[in-house]
Amino acid sequence: MAFLIRTIDFTAAGREIVRDRVLDQASLAIGRAAENDIHLPDLAVEQHHARIDVQGDGTLKVTSLGTLGFALDGRAVADGTIDPRTGGEIALGAARLAVARESDGTIAITIRQVAPEEGKGDALRGFQLASVLPSKRAMSWVFAAAILVMLLMVPVTSHLLRTPAKPDPTGKTEGAVLLDSAWSAGELSLKHHSLEDNCESCHVAAFESVKDETCLSCHKGIGEHADRPRLATGMPALSAGDAIQWKIAEGLGKEGPLGCVSCHSEHEGPVRQKAGGEAFCSDCHKDLPARLKDTQLTGAHDFGKAHPQFRPAYYASFGAAKPVRAAAGAKPVERSGLKFPHDVHMNARGGAARMAVSLKQYGKPLECKDCHSPSPDKAGFKPVQMEQACESCHSLAAGGIGKLRHGSLKHLAEDLARISTGPRSFDSGRERPGRLGSASPYRADFGRPVRAYIGISNALSAGGVCTECHLPTTGPTGQADLMPVNLPDRFLTSGYFNHEAHKKEECTDCHAADTSKAASDLLIPDLKSCRDCHLGATAVKTKKIVPSDCAMCHAYHVPAGQWSPKGPEPHYVPKPLAPPKYKPEATKTVVAAIRGSASK
Amino acid sequence: MAGKAQAGGAKSRFKQDEKRRDSDHVSFLKHRGFRWLWIALGLSLATIAGYLLIDQQPRPNGGTWYGYTLGTIGFGLIIWLSLLGVRKRRITTGAWSLKAWTSAHVYLGLSLVVIGTLHTGFQIGWNVHTLAYVLMLLVIATGIYGVIVYATLPQSLSANRKAMTRAQMLDALTAIDRQLESAAQPLARAEADLVIAALGQDVFGGGALARLTGSYPDCATARACTGISRGSEAETRVVALLEKRSEQLAQIRGALRIRAALEVWLFVHIPLTIALIAALTAHVISVFYYW
C-alpha cells in the first residue's frame, strides 16, 4: 500500500510550497521525533504520537501511542478508523492531516498548518439565542417607552393643555383629553353611557375625586334620604379597614362615605344601579334609634321579623290644613268631611245594589272598581270624582232644566238661581204682555231670587241634597256651608305599594270595606295582612311566601318611591301636582307636605 | 485544651462544609425545605380568605380598602421581583444568598397570580389596568416556562453533546468542510456550486424560528446531498462527506434548539417585566389622576 505524503507550507510572502513524497508501506508513524514517517515539528505533538495502519478491508486505523489523543474529524479521540474513500481529517497540534484516496488507489495525506483561531470565542457566541434576536434591553426600552407615552404622557399632556369640555348628557360632546379612554376601568352604567367619550364630565380636575357638586349639576332636585348630619349620626361605625381608607381618602380631598360616589360606583359595566339589598338598609336601620336618639323610626331589618307598624297619613280633624300620620298600632278616626258607609254600597242585597242593577250603566251590584279607577301607572287610584262615581245614583238633576254642578258653592248658587231663569219652551216666539201673575215666569225672571236662596238653604241644611254625602257647617260669616273634603292623595307616605302587582287579590282581602259602616274608618291594611305573603329577604320562597327585601316597597333617595329595573327612577322629589279644585290652598302633594314638615 | 479547640474547629468546619454542601447541591426550588413555597402558599391562602371574608362595598375590586391593600402588596412584590436582575449581578454571601433570592423570586412570583387577580376583582377590560394585569400574567407564565426548562432541558443538552464541546462541534464541521473543499475539486460546475452553497451557508443562520423548531427548509447542505448524483467516485465521496456534514449540522442545530428553548423565555420575561413596570406606573397614576 502506498501513501502519498503531501506537505503544504507557506513562505513568508504567502507563496504555497507543495512537497510530495511516496511511502510504500502498510503503516505510518507520526510524531515530533525526526525518525517518524510524518515528522511534525510542534511542541504540542509527542515524540511518538500516533500510528496509521492499513487494515485488511482497506480502511485506516489511527492509534495514539501516548496518553495524548488527537482529533479525528474535529472529535477528540484516542484511536479511530478512517475510510479512505470518504476521507477524514486528523488534527495534531497545529497540523491538519487530510486523508483521502487518490484515483490510482494511493492514499494521499495532505499536511497543512493552520493558524490558531482567534475568533473562536466569537464563533461560540453564535450558539446563544441572543445572536438572532433583538437585545432584551432594546425591547424593554421600546415596550416601556410605548406604554408610557401612549397611556400616560399623551393623556396627561393633553389634559393639561386642553380647553375643558362641558358635561353633555346627550353624548354629542366628546372629551378633549386624548387616549384617556384607555384609563376607563370599565363601561359606564346604562344611564351614564352617553358620557362614555367624555371623561371630563365627571373627572373634572386632575387627582381630584369625583365631587357631589359635579353629579348635582345634572341631577338637580334629587331627594336626600335624610339630612347629611342625621345620616352621619345614624350610620354604624365603619370597619377598621374602611375607617383607615376614608381617613386617607378624605385627607386627600375625597368626599366622605355619604358622597354620591361611595354608593354609586361607576365603571362597573353597562348595568343599572342595583337596589340596595336588605343589608344595605339594615346596616343603619336595624338599630337606628340607638344612634339617632330623636328619630321617630323604630328599628327595622327584616320585613317578616322586624318592621314597624304602618303609620298611614290621614286627616285627624275636619278641615285640617295638613294630614298627620297615625300612631303605630292606633285605630285612627279619619275626618275626611264625607259621609260614606262602604258596607251599604257593597252589600250585594241592599238598596244600593238594587239601584245599580236597575241602571244600565252598572246592571249588577256595585263593585269597588265602579268608583275607584286605577291611576295611569296602575299602581294607585285616581281620586274619586263625584260626577263619575256617585252621580248616576246621587243625582243632581234639577227638574228638567239641567243639573247642578258639583264641587263649588258658588256654582250651586248660580245653578239654583238659573232654575227659574233658565231657557224653557214657548208656544210661540212672542211674549204676550200683561201676564205678570204668579203663574208666569216674570217674577222669577225679573224679581228677587228668593227661591234660589231658599233652594241653597234647603240643599245645605240637614236633609238637603248636599248633606246626603257632605257634612253641613257654617262659614266665617255665619252662612250655611259644607265641610271641605280632605283626603290625602297617598296614605302610606314612606313606602310604595303597587296595586297592579296585587291584582289577583280581592280588594276586600286587604281593605275591610265590606264591613265598614262609616267614612271615618281608615281602610288601610296593617302590617299583619302584608305578612300573610311577604316576609323578609331571607325567607324561603314558596307558592304563597314572597321573600321581600326593603327595596320592594322603599327607595333610598325618596323612601316613598319604588326602585324598579325599568322606567324612571324614584330619586326625585315629586313635582307639585296641579291643585285640586276643592282644595285651592294645597300646592304640594301630601307626600311632599309631610316630608317638608319632617325635615324641618 | 488544644484538643478542644481542635474539636471546636472541626465542628465549625463541619458546619461550614454542610452549609457549602447545602448551597452547592440543593436546587433553588427545594431551598431550605421549600421555605418560600410555604410562605407564598400562606400569602395566597391568606389573601383568598381575606377576599372571601371581608365585606367589600360596593363590590370587590381595586378601589376598596382591601383592594388597595392587595394592590400595594402586588406592586411592592413586582418591584422587588424585578430586582433579581440587579441582585444576581452582585456576588455576595450570607443569608440572602442568590439561591434564597431566586427561590423567593419563583414562589412569590407565582403567588402574584392570586394577589393580582383578587386585586382586579375579576373585572377585565380593554384598558391600561388590564394591560398591566395581562403583562403580569405573561411574565409569570414565561417564568413558569423558564423554571420548567431549567429543570428539564440541561439533561437533553448534555445528551446532545455526545462528549463534544461546542468548539469541537464547530471544529468538526470545519474539518469536514476542508475535506469537502478538496474532495469537490473534480466536480462539474453545477455540482461545485451546490457544494459552495453548502460551505458558504452560516451554520448559525436561519433565524430564531428555525432555531426553536429545529426546522431548516433552506439548508444548502441537505440540498447539495440530494442534488449531487453518486455517479463518479468523486461524487460519491462528496455526497458521503455532505452526509457527514449534515449529521454534524444536526448535532449543532440540536444544541441550538435546546439552547434556544432554554433562553427564549428570557426574551419575553425581561422586556415584558420592564413593560409591566411602565404599565403599572401608568395604572397607578391614571387611577388617581381620574380619581
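Because the structure is predicted, anything quoted here is derived from the model rather than measured.

### Some details on the packing of helix H2 (residues 136-161) of chain A against helix H11 (residues 233-289) of chain B
Here is step 1 of the chain: The N-to-C vectors of H2 of chain A and H11 of chain B enclose an angle of 15°; their axes lie 7 Å apart at closest approach. The angle between the axes of H2 of chain A and H11 of chain B places the two elements in the roughly parallel class. For the element pair H2 of chain A and H11 of chain B, the recorded crossing hand is right-handed.
Here is step 2 of the chain: The residue inventory of the contact of H2 of chain A with H11 of chain B, partitioned by class, reads 21 nonpolar, three polar and one charged.

### Topic: the sheet that holds strand E5 (residues 50-54) of chain A
All names here are of chain A.
Here is step 1 of the chain: Strand order across the open sheet formed by five strands is E4-E3-E5-E6-E9, with mixed pairing between neighbours. The open sheet is flanked by strand E4 (38-39) and strand E9 (79-82), the only strands paired with a single partner.
Here is step 2 of the chain: Strand direction decides the pairing type here: strand E3 (residues 27-31) and E5, joined by four bridges, are antiparallel. Counterpart to Ser27 in the pairing with E5 is Asp53.

### Details of the confidence of the model for chain B
Here is step 1 of the chain: For chain B, per-residue confidence averages 87 on the pLDDT scale, and residues scoring 70 or more make up 93% of the total.
Here is step 2 of the chain: Ranking the helices and strands of chain B by mean pLDDT puts helix H3 (residues 65-82) of chain B first, with 94, and helix H1 (residues 2-25) of chain B last, with 65.

### Quick word on the sheet that holds strand E11 (residues 95-101) of chain A
Residue and element names in this part refer to chain A.
Here is step 1 of the chain: Taken in spatial order, the seven strands make up an open sheet running E2-E1-E12-E11-E10-E7-E8, and their pairing is mixed. Every interior strand has two partners, whereas the edge strands, strand E2 (16-24) and strand E8 (75-77), have only one. Direction aside, neighbouring strands of the sheet carry axes that sit 25° apart on average.
Here is step 2 of the chain: Summarising the sheet, strand E10 (residues 88-92) and E11 pair through five bridges and their orientation is antiparallel.

### Points about a nonpolar patch on the surface
Here is step 1 of the chain: On the surface, a nonpolar cluster with roughly 440 Å² of combined accessible area is contributed by Val149, Met150, Met153, Leu178 and Leu179 of chain A.
Here is step 2 of the chain: For Met150 of chain A, the position within the fold is in helix H2.

Procedures and definitions
- Residues numbered from 1 in each chain as written.
- Chains lettered and ligands numbered in written order.
- Predicted model: local features only at pLDDT ≥ 70, side-chain atom pairs only at ≥ 80, totals over all residues.
- Heavy atoms only, no water.
- Axes fitted to C-alpha atoms, helices over the stretch in contact; angles between N-to-C directions.
- Helix = DSSP H or I, 4+ residues; strand = E, 2+ residues; numbered from the N terminus.
- Parallel < 35°, antiparallel > 145°, perpendicular 65-115°, else oblique.
- Left-handed = near helix turned anticlockwise from the far one by under 90°.
- Nonpolar A, V, L, I, M, F, W, Y, C, P; charged D, E, K, R; others polar.
- Pairing = 2+ DSSP bridges.
- pLDDT = per-residue confidence, 0-100.
- Patch = residues over 30% accessible without salt bridge, like charges linked within 9 Å, V, L, I, M, F, W, Y side chains within 5 Å.
- Areas by Shrake-Rupley, 256 points an atom, 1.4 Å probe, with all protein chains shown as cover.
- Salt bridge = Lys/Arg side-chain N within 4 Å of Asp/Glu carboxyl O.

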